Amino acid sequence: MKPVRVVQISDLHILPEDGQMLAGVDTSLSLVKVLDDIKKLSPPAELIIASGDLSDDGSTQSYQRLHDIFDTLPCPVYVLAGNHDETETMLNHLLAEKTFYDRQKSLGDWQIIFVNTKREGASYGFVDDDEMRWLETRLSKTNQSVLLVMHHTPLRLCASPTCQMQNADQLLKLIKQFKQVKGLIAGHTHNHAEEVHGDLRIMTTPSTMVQVTHNQTEAPKPSEEFWAHHQADISRYGYRLLELTTGGAITSEVRWVDA
Ligand SMILES: [Fe+2]
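Heads up: these notes are all about the structure in this document. Throughout this document, residue positions are counted from 1 along each chain, in the order its sequence is written. At least 70 in pLDDT is required for a residue's local features to be given in this predicted model, at least 80 for side-chain atom pairs to be given and counted, and no such filter applies to totals for whole chains, interfaces and linings, which use all residues.

This part covers unusual backbone geometry. In this structure, the amide linkage connecting Ser-42 to the following residue, Pro-43, adopts the cis form with an omega of -5°. Structurally, Pro-43 can be placed in the loop between α1 (27–39) and β2 (47–51). Here Asp-11, not a glycine, exhibits a phi torsion of approximately 55°, which is positive. Along the chain, Asp-11 turns up in the loop between β1 (4–9) and α1. Its 28 C-beta neighbours within 10 Å are what place Asp-11 among the buried residues. Positive phi is not limited to glycine here, since His-188 has a value of about 70°. Every helix listed is a DSSP run of H or I at least four residues long, and every strand listed is a run of E at least two residues long, numbered separately from the N terminus. Three exposure classes are used, all based on how many other C-beta atoms lie within 10 Å of a residue's own C-beta (placed from the backbone): buried at 20 or more, exposed at 12 or fewer, and partly exposed between those limits.

Have a look at this one:
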């Protein structure tokens, strides 16, 4: 069986009005640039995964605008909510014939499982007990290779609590009991990173609008602003290309589009 080609985009932060800017970027135009690059891939992607913070403000208008952008794509898009998203509004206004919110997707001889790390009202990630049990059940029921998708990463890439998943250790302990889990992709950090934990590759993926450097090495003081230890880079937009191979190997690269 030939490898399955999948693309991950993340942290789109689409705004409600045409021409609006966030951190000096028109987030719809930057997304369109990224998608234009994805459309040129040969062989083409079979599936696009959009791993949260699809909207910046969770508004109906932002999801309607994104709906129209996704409508131009030749392949299905699977979406997941991030901390900026309003899940119900997203489901009502973004889903379409080829835009899905499914928690598990069979692709080739792989299973792609979407895990909710969003906690209402919080920027940080958290996988609650119900979601943990749900994931354990799903993993117990498959022997196929698994790619997990989440908005927040369990990697600790920054000392700022808002950049982290609060119960990352608990989640990783569960996942590592299942050797068929070969990959975990996430966003939220607006940055790319990769760690190999035994059989498991954990990757984060750049944003389609602004990249962030995380220099927070100690927990921030209460008065300290987020940007005191983080730098924004709006010179390029990124996405991740993955090839899922029979036998559980993953080939992956981050691809960049100049602003
Ligand atoms: Fe986020």
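Bringing the pairing of strand β7 (residues 145–149) into the picture now. Of all five residues in β7, five are buried, a share of seventy percent or more. Strands qualify as paired when DSSP identifies two bridges or more between them. Bridge analysis of strand β6 (residues 110–114) against β7 gives five bridges, and the strand direction is parallel. Bridge pairing in β7 places Ile-113 opposite Leu-148. Throughout, right-handed denotes a crossover for which the path from the first strand over the helix to the second runs clockwise when the strands point away from the viewer. Read as a crossover between parallel neighbours, the route from β6 over helix α4 (residues 129–140) to β7 is right-handed. Both β7 and strand β8 (residues 181–186) contribute to a ladder of four bridges, which runs parallel. Paired with Leu-147 across the bridge in β8 is Gly-183. Once you follow β7 into helix α5 (residues 168–175) and on to β8, the crossover reads as right-handed.

To continue, consider the sheet that holds strand β4 (residues 99–100). Strand pairing in a sheet relies on backbone hydrogen bonds, with the paired strands running either antiparallel or parallel. Read across the sheet, six strands follow the order β4-β3-β2-β1-β13-β14 without closing on themselves; strand pairing throughout is mixed. The open sheet has two edge strands with one neighbour each: β4 and β14 (250–258). Relative to strand β13 (residues 236–244), β1 is paired through five bridges, and the arrangement is antiparallel. Looking at the pairing, Gln-8 lines up with Arg-240 of β13. We call two residues in contact when their backbone-placed C-beta atoms lie within 7 Å. All axes are obtained by fitting lines to C-alpha atoms, using only the stretch in contact for helices, and the reported angles, taken between N-to-C directions, cover 0 to 180 degrees. Sitting on the sheet, α1 touches β1, β2, β13 and β14, and the angle it makes with β13 is about 35°.

Here helix α2 (residues 60–70) has its buried residues at Ser-62, Tyr-63, Arg-65, Leu-66 and Phe-70. Seen along its axis, α2 keeps its buried residues to an arc of 160°; they face one direction. Packed against the buried residues of α2 are α1, β3 (77–80), α3 (87–93) and β4. To be clear, the arc concerns the directions from the helix axis to the C-beta atoms.

This next bit is on the sheet that holds β6. Strand order in the open sheet formed by six strands is β5-β6-β7-β8-β10-β9, with mixed pairing between adjacent strands. Two strands bound the open sheet, and with one partner strand each, they are β5 (104–107) and β9 (193–197). With direction set aside, neighbouring strand axes in the sheet form an average angle of 15°. As defined by bridge partners, β5 adjoins β6 across four bridges and the pair is classed as antiparallel. When the sheet's bridge partners are listed, Gln-104 is paired in β6 with Ile-113.

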